[in-house]
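# Examination of the molecular architecture
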Amino acid sequence: MRLSEQDIINAICIHFSERKQIQPNQVEVELMFDDDYGFSAEVFAEGRSQIIIAANMLEAIERYLLTQMNVRVFRDQIHLKLEDEIVADID
């Protein structure tokens, strides 16, 4: 299974909205990749900006798959990749 960049963004928006107790449309996400630091995302919510690392992204994807797609996966089964866009391959 493969999640597109938009699926990953949706996963992070839903995850952060649950944690902050706000609506998912109140969260904005920009995915990033750096050769030195790897994958990360900048999350904008409630007038604040926060950088999250790949581990937080994987947590959001894991919960998204469980709650939205009813698929149980573990973090070691999720692999972030940089292609034309950032995607997540699920074993």
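Quantities reported herein were computed from a predicted structural model and do not represent experimental measurements.

Moving on to the environment of Ser49. Residue placement: Ser49 occurs in strand β4 (residues 48-53). Placed 20 residues apart in sequence, Ser49 and Val29 show a C-alpha to C-alpha distance of 9.6 Å. In this structure, Ser49 is in contact with Glu42, Val43 and Phe44, ignoring residues within four places of it in sequence. There is a polar contact of 2.6 Å between the side chain of Ser49 and the side chain of Glu42.

Where a strand is regular, its side chains alternate between the two sheet faces. Across the 5 residues of strand β6 (residues 86-90), 5 count as buried, placing the element largely inside the fold. Here strand β1 (residues 2-3) pairs with β6 via 2 bridges, running antiparallel. Across the sheet, residue Leu3 finds its bridge partner in β6, namely Ala88. Hairpin connection between strand β5 (residues 78-82) and β6: a loop of 3 residues separates the two successive antiparallel strands.

Moving on, we get to the packing of helix α1 (residues 5-20) against helix α2 (residues 54-69). The geometry of α1 relative to α2 is characterised by a closest axis approach of 8 Å and an angle of 90° between their N-to-C directions. Considered as vectors, α1 and α2 are oriented roughly perpendicular to each other. For the pair α1 and α2, contact is made by Asp7, Ile8, Asn10, Ala11, Ile12, Ile14, His15 and Glu18 and by Met57, Glu59, Ala60, Ile61, Arg63, Tyr64 and Gln68, respectively. For the contact of α1 with α2, the residue count by class is 8 nonpolar, 3 polar and 4 charged.

The rules behind the values
Residues numbered from 1 in each chain as written. Predicted model: local features only at pLDDT ≥ 70, side-chain atom pairs only at ≥ 80, totals over all residues. Heavy atoms only, no water. Helix = DSSP H or I, 4+ residues; strand = E, 2+ residues; numbered from the N terminus. Contact = heavy atoms within 4.5 Å. Polar contact = N/O pair within 3.5 Å; in protein donor to acceptor, adjacent residues only side chain to side chain. Buried < 20%, exposed > 50% of the residue type's maximum accessible area, 1.4 Å probe, protein only. Pairing = 2+ DSSP bridges. Axes fitted to C-alpha atoms, helices over the stretch in contact; angles between N-to-C directions. Parallel < 35°, antiparallel > 145°, perpendicular 65-115°, else oblique. Nonpolar A, V, L, I, M, F, W, Y, C, P; charged D, E, K, R; others polar.

Purely geometric stuff here, so don't read any function into it on its own.
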